[in-house]
Amino acid sequence: MLTHARPVASRTDAPDTDPVGTKLARLESKPSLDIDEVDYELRDPSAVRKRLAAPLAYSQGVEGMVTGLSIETLLPRTASGDGYINRFLTVWTPDEQGHALALDRLLVALDVEPFPLPQDEPVPVHNRLAGLLGTMSVRMHETVELVYHSIGAMNERLAFSAYERMSEILTELGEHGLVETLMKPLR
């Protein structure tokens, strides 16, 4: 039997600084990707296509799809009561859409068929169901939120690693302009 358990820290026991607010402020101050400044003049488009067509197309599809997940439906309590989520979505949504458009333009330059970008698709049923359950139970909402944030963090890390690896390949191919103007901002 555990008799000297340390109390679990609550959200109100946070230090004087606000780490989430600090990260949001950094995200909000980061310049967005300017598609018109991306260097699409490739030295060897066929080599880039051969090495990276599939990963670039996959990335373009994911970047375009993630903004249609309807976070405000999935996490209704968070979206309505937490300025963090609203602040994040205000920056993140146009960034992800811009990333998809920039990758779309690159795929066209490589003569690779891009994924069609989503156009106001309905909210997925599973997101509506999870959001509904979250409105009925605080614990269910917290569970959905934990799962959402965990999956989101893993996906962001995977995307960062993928863009880092694509940058290495593009550097090997001598496509430095594309690395500097597209891959670095994507990461």
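I will try to describe carefully the structure that is included in this document. (Residues numbered from 1 in each chain as written. Predicted model: local features only at pLDDT ≥ 70, side-chain atom pairs only at ≥ 80, totals over all residues. Heavy atoms only, no water.)

### Examining the overall build of the protein chain
Reasoning step 1: Scanning the protein chain from terminus to terminus reveals eight helices and zero strands.
Reasoning step 2: Taken from the N to the C terminus, the helices and strands of the protein chain come in the order α-α-α-α-α-α-α-α.
Reasoning step 3: In the protein chain, buried positions account for 33% of the 187 residues.
Reasoning step 4: Accessible surface, the protein chain: about 12100 Å² in total, of which carbon and sulfur atoms supply 58%. (Helix = DSSP H or I, 4+ residues; strand = E, 2+ residues; numbered from the N terminus. Buried < 20%, exposed > 50% of the residue type's maximum accessible area, 1.4 Å probe, protein only. Areas by Shrake-Rupley, 256 points an atom, 1.4 Å probe, with all protein chains shown as cover.)

### Regarding the side chain of D95
Reasoning step 1: Along the chain, D95 falls in helix α5 (residues 83-109).
Reasoning step 2: Taking relative accessible area as the criterion, D95 reaches 7% and is therefore assigned buried.
Reasoning step 3: Among the polar contacts made by the side chain of D95, one reaches the side chain of K30 at a distance of 3.3 Å.
Reasoning step 4: Among all residues touching D95, those that are not within four sequence positions of it are K30 and S32. (Polar contact = N/O pair within 3.5 Å; in protein donor to acceptor, adjacent residues only side chain to side chain. Contact = heavy atoms within 4.5 Å.)

### Things to note about the environment of L103
Reasoning step 1: On the secondary structure map, L103 appears in helix α5.
Reasoning step 2: Spatially, the C-alpha atoms of L103 and L56 are 7.0 Å apart, while their sequence positions differ by 47 residues.
Reasoning step 3: Excluding anything up to four places from it in sequence, L103 contacts L56, S59, Q60, E63, Y163, L182 and L186.

### What about the packing of helix α6 (residues 125-136) against helix α7 (residues 138-172)?
Reasoning step 1: Two numbers describe how α6 lies on α7: the axes approach to 5 Å, and their chain directions differ by 140°. With respect to α7, the element α6 is oriented oblique. As for how α6 packs across α7, the hand of that crossing is left-handed. Only V138, M140, H141 and V144 of α7 make contact with α6, whose side of the interface consists of A130, L133, G134 and M136.
Reasoning step 2: A per-class count over the contact of α6 with α7 returns six nonpolar, two polar and no charged. (Axes fitted to C-alpha atoms, helices over the stretch in contact; angles between N-to-C directions. Parallel < 35°, antiparallel > 145°, perpendicular 65-115°, else oblique. Left-handed = near helix turned anticlockwise from the far one by under 90°. Nonpolar A, V, L, I, M, F, W, Y, C, P; charged D, E, K, R; others polar.)

Taken by themselves, the reported measurements are silent on function.
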